[in-house]
Amino acid sequence: MTTEPARLAAALRELRARTGLSLAALAERTAYSKSSWERYLNGKVLPPRQAVRELCRVADEPDGRLLALWEIAESEWSGRATVLAPATEKTREPPSTPGAERPHRRGAGLVVVLASVCALLVGGVMLVLNLLLPGRDTAGDEPLPAAAAPYSLAPQCHGAACEGRDPMRMICGIGPDTLTTYRTATGAHVELRHSEKCGASWARVWGARIGDRVEVTVDGPTRDVRITDRTGAESYVYTGMTVAHPGSTVRACFLPASADGGRECFEARVGRSAGTVPPPSPQ
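So, a few notes on the structure that sits alongside this text. (Residues numbered from 1 in each chain as written. Predicted model: local features only at pLDDT ≥ 70, side-chain atom pairs only at ≥ 80, totals over all residues. Heavy atoms only, no water.)

**Brief notes about the pattern of salt bridges**
Okay, so step 1: As enumerated under the stated definition, the model contains 15 salt bridges in all.
Okay, so step 2: Ionic pairing is found between Arg53 and Asp63, a salt bridge with its closest N-O pair at 3.4 Å. One end of the pair, Arg53, is in helix α4 (residues 49–58); the other, Asp63, is in the loop between α4 and α5 (64–91), with 10 residues separating them in the sequence.
Okay, so step 3: Given the relative accessible area of 38%, Arg53 is considered partly exposed.
Okay, so step 4: Each of Glu14, Arg18, Glu61, Glu191, Arg193 and Arg204 takes part in salt bridges that share partners, so that together they form one network. (Salt bridge = Lys/Arg side-chain N within 4 Å of Asp/Glu carboxyl O. Helix = DSSP H or I, 4+ residues; strand = E, 2+ residues; numbered from the N terminus. Buried < 20%, exposed > 50% of the residue type's maximum accessible area, 1.4 Å probe, protein only.)

Structural data, given as structure tokens:
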């Protein structure tokens, strides 16, 4: 089960892993303790909105996207107790006495069946939550690579099944490789990213302007994303995924909204070490 709070926790773990900071070092740089960060990153409790903003600040990451995830997660988190509470209360009702059962045997039997079903559903939900979000303290405090982060969710697609899909919703954005980072003439940053587990690549951009567009292609369809509003301009946005294998050449192009701006393209090969690409001449 992949709930929005679990997706938020996974995104926060990825961001923390990219900083290379231990939990103790993260606590020193923020207003939240080491134990608090352990609970936030493992999804045991929903972090405060400000904690999300501080992690983005420490990681030098635009906070718009993660704050949007937090809003969705907070809504689901607060609504979960409302849904489960009535079922939990029903399972606690004392059984009817034998004398009271006989006049309404069918009705009492139905109540017992419904209560049993509710108990099974609640028990199943709690079992899954315990598997995904265990309550044990983390044994170590050394930073782990995002791909090896504990309790990370499994990718939801691979290869052709990922074509055109959202890398975050498909859980491909946990611990991806950054093939290269490119800074455009307008100051925007474009990254080419690749998930070995998903067998797919995509591009993400931040510091862009409304109307800017980014394209990415390998050997198949071109996937693109356009900055359409202020939220996108102030955070980062990403294209859909496209299939890429070791040795594939991934090509991205940045198309600025301004009429006098030129198209800027760059490439990276899957499997090579990451680097920064200097701005080429407009193409």
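**Here's the deal with the pairing of strand β3 (residues 200–206)**
Okay, so step 1: Among the seven residues in β3, seven count as buried, and that is most of the element.
Okay, so step 2: Every second residue of β3 is oriented toward a common face, with Ala200, Trp202, Arg204 and Trp206 on one face and Ser201, Ala203 and Val205 on the other, all of them buried.
Okay, so step 3: Counting the residues between successive antiparallel strands, the hairpin from strand β2 (residues 189–195) to β3 contains four residues, one of them, Gly199, with a positive phi of roughly 65°.
Okay, so step 4: Bridge count for β3 against strand β7 (residues 242–243) is two bridges, and the pairing is antiparallel. Each residue of the ladder has a partner; that of Ser201, found in β7, is Thr242.
Okay, so step 5: In this sheet, strand β6 (residues 236–238) lies alongside β3 in antiparallel orientation, the contact comprising three bridges. (Pairing = 2+ DSSP bridges.)

**Notes on the packing of aromatic side chains**
In this description, an aromatic ring pair is defined by two values, namely the gap between the centres and the angle between the planes.
Okay, so step 1: Counted by the stated rule, this structure contains four aromatic pairs.
Okay, so step 2: Ring geometry for Tyr32 and Trp37: centres 6.0 Å apart, planes at 75°, overall edge-to-face.
Okay, so step 3: A relative accessible area of 1% places Trp37 in the buried class.
Okay, so step 4: Ring geometry for Tyr182 versus Phe266: centroids 4.5 Å apart, planes at 20°, classification stacked. Taken together, the residues span a long stretch of sequence, with Tyr182 in strand β1 (residues 177–183) and Phe266 in strand β9 (residues 264–269) at a distance of 84 residues. (Phe/Tyr/Trp six-rings, centres within 6.5 Å; stacked < 30°, edge-to-face > 60°.)

**Brief notes about the state of the cysteines**
Okay, so step 1: Throughout the structure, instances matching the rule amount to three disulfides.
Okay, so step 2: Paired by a disulfide, Cys253 and Cys265 hold their sulfur atoms 2.0 Å apart. Measuring handedness by torsion sign, the sulfur bridge of Cys253 and Cys265 sits at about 110° and is right-handed. Here the residue Cys253 occupies a position in strand β8 (residues 249–255), and Cys265 occupies one in strand β9, the gap between them amounting to 12 residues. (Disulfide = S-S within 2.5 Å.)

**A few points about the nonpolar core**
Okay, so step 1: Grouped together as the largest cluster of nonpolar side chains are 23 residues, with contacts concentrated most on Leu8, Leu12, Leu15, Trp37, Val52, Leu55 and Leu66.
Okay, so step 2: Of all elements in the fold, only α1 (4–19), α2 (23–29), α3 (34–41), α4 and α5 reach the threshold of two or more residues within this core.
Okay, so step 3: Listed in part, the 22 residues of the second largest apolar core include Val190, Val225, Ala244 and Val270. (Core = buried A, V, L, I, M, F, W, Y, C linked by side-chain atoms within 4.5 Å.)

**A closer look at the pairing of β2**
A regular strand places its side chains so that they alternate between the two faces of the sheet.
Okay, so step 1: Across the seven residues of β2, six count as buried, placing the element largely inside the fold.
Okay, so step 2: Looking at chain direction, β1 and β2 are connected through six bridges and run antiparallel. Bridge pairing in β2 links Thr178 to Arg193.
Okay, so step 3: Here β1 hands over to β2 after five residues, with Gly187 in that stretch at a positive phi of 100°.
Okay, so step 4: Note: β2 against β3, seven bridges, orientation antiparallel. Among the inter-strand pairings, Leu192 is bridged to a residue of β3, identified as Ala203.

That is the geometry; function is a separate question.
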